[in-house]
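Residue-level structural notes
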Amino acid sequence: MNAWVQYSLIVLWLMPLLAAAALRWGVRGASKQRALALGFALPIFVIACALFVHEGTRHAYAEDHLEQGLGWWHSHFAIDGLNAVLLPLTAGLTLVALLMTPRADMRAGLAAKIMVVEGALMGSFLALDAGVLSGFVVLSLLPLWFDARHRGSRPLQVILKSLVVATGLALTVAMVGLALEASAAGVQNPLDLVALAKSTYTPSPWIGTLVLAVALLRMGIVPLHLWFPATAQHSTPHLALVTCLTPLGSFMLARLALAIFPRVFGPAAPLLMALGVVTALYGAFLALGQFDLRRIVAWFWVSQSGLVLAGFAGLDDASVSGALLQAMSTVVECGGLMLLTLAVEVRANTTDLRKLGGLAHNAPRMATAYLILAAAAVGFPGTISFVAEDLVGQGLLREHPFVVGLLFIVTAVNGITLWRAFKRTFLGPPSPHADDLRGFEDLRQWETYAIAGMIGTLLLGGFLPEPLLAVRRGVVDAIGRIEAPVVDGH
């Protein structure tokens, strides 16, 4: 393995955490914190992109890894087909969020909290040790909880405390049980995912059920979804964006549930399919009835998470490939829509559709970007979502044609929702209840470049999806080999 790759596996999660420490205790002033945070976030994004290119040019699924023995909690990090795409995705979203955070909001260690989330997410994606991965998953939620305590929002504190405690308790119990069982079965590194996959040991179903529940909770799947809209609406906006709009939940499905706990995921596939469809429909119709732009994006995310889960539950190469691609594209689409929503909020002091209208006159770039991202989010031809939804549909059509029909309805409802949000915000005359919006500013130059980069990613991936599919083909094949006996047996 190249030396630079080996060092990068540590740098990608350690550098953000070191940056967070420097921001929290070594730097004062919003401008200095912003500059330092961007100074760390930019090289992290560059390294993540280099690792993605390195993985994609090999045209084969083969991990580069760095492993050091520390007992059960030994260090094992890797770059492979499953996480190679997620690294630049996470780093890029963090960079854009820092760029578009107003300088006045860069207070109380906000930049430090965002960097902690980035480091935790990077560590989760890179870790091939179940214990280390679980620790990073819990860490990614802590800044949001501490931020709610700082803001003094009691209801939000209760919601996020419950989320952190439930996640931490479930993963701790699962990891202790897994370590004890695997160790008794003779697995030398009982929490190492590679060692577990190669061994003949089969974890108990209750362990896999706990891990699966955490993955569904992180995705926002019904009935484990209630924390998501509340957090999106009431938390510090840009911190909530990088924490919530992440493919971590779907990643846990692929990395843990599908690969390590097939005896749980296989029999549960019909139930998960039903949950996915219910979540997709529920999120779509709830989004349709919202008047707050933040809540619209949050419920749209819930709906898309249902589509992703249905693709995974299809246990078909095409549907799983589509689910992986959809999980990635939804981050870019929802992230872009939320960033534009927050830009509207900064300028108009509201995200209520009933108090907006006619903003396209003063902000044509913002209106155009919102329309393109909304079209991409519902699978407009030429975007990544179009390819992803087509793959999910192909994978489910033979065995689950009724599900495909319901998912078409979901797409139509989501399209109506986003068009309504665009029309009420940017077209027509201003609302009679609106404040004076004649001084409403368009996107600034760096904001335009950031949003343009996100749109370009969606279009480039839509016209050239093969690299994104190729880098994960080995992962999909491996999942198929693992799951096939379980499905056939049922």
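Conventions used here
- Residues numbered from 1 in each chain as written.
- Predicted model: local features only at pLDDT ≥ 70, side-chain atom pairs only at ≥ 80, totals over all residues.
- Heavy atoms only, no water.
- Helix = DSSP H or I, 4+ residues; strand = E, 2+ residues; numbered from the N terminus.
- Buried < 20%, exposed > 50% of the residue type's maximum accessible area, 1.4 Å probe, protein only.
- Expected span 1.5 Å × (residues − 1).
- Patch = residues over 30% accessible without salt bridge, like charges linked within 9 Å, V, L, I, M, F, W, Y side chains within 5 Å.
- Areas by Shrake-Rupley, 256 points an atom, 1.4 Å probe, with all protein chains shown as cover.
- Salt bridge = Lys/Arg side-chain N within 4 Å of Asp/Glu carboxyl O.

Let's shift gears to unusual backbone geometry. Excluding glycine, residues mostly carry a negative phi; peptide bonds, for their part, are mostly trans. For the peptide bond that leads from Val222 to Pro223, omega is 5°, which places it in the cis range. Here Pro223 is to be found in the loop between α9 (205–219) and α10 (227–234). The backbone of Leu315 shows a phi angle near 50°, a positive value even though the residue is not glycine. Secondary-structure assignment places Leu315 in the loop between α14 (293–313) and α15 (317–348). Phi at Asn349 takes a positive value of approximately 60°, unusual for a residue other than glycine. Structurally, Asn349 can be placed in the loop between α15 and α16 (364–377). Among the residues examined, Asn349 registers a relative accessible area of 66% and is labelled exposed.

We now examine helix α18 (residues 401–426). The α-helix advances 3.6 residues per turn, and as a result positions three or four apart in sequence lie on the same side. In this model, α18 (26 residues) spans 38 Å end to end at C-alpha, consistent with the 38 Å of a helix rising 1.5 Å per residue. Following α18 by one or two positions, Gly428 has its phi on the positive side, about 70°.

Residues Val165, Leu169, Val173 and Trp206 make up a contiguous nonpolar surface patch of roughly 370 Å² in combined accessible area. Among the elements that take part in the nonpolar patch, helix α7 (residues 154–184) stands out by supplying three residues, more than any other. Looking at the element boundaries, Leu169 is found in helix α7. Look at Leu169 and you get exposed, because its relative accessible area is 56%.

Such coordinate-based values are descriptive only and should not be taken to indicate function.
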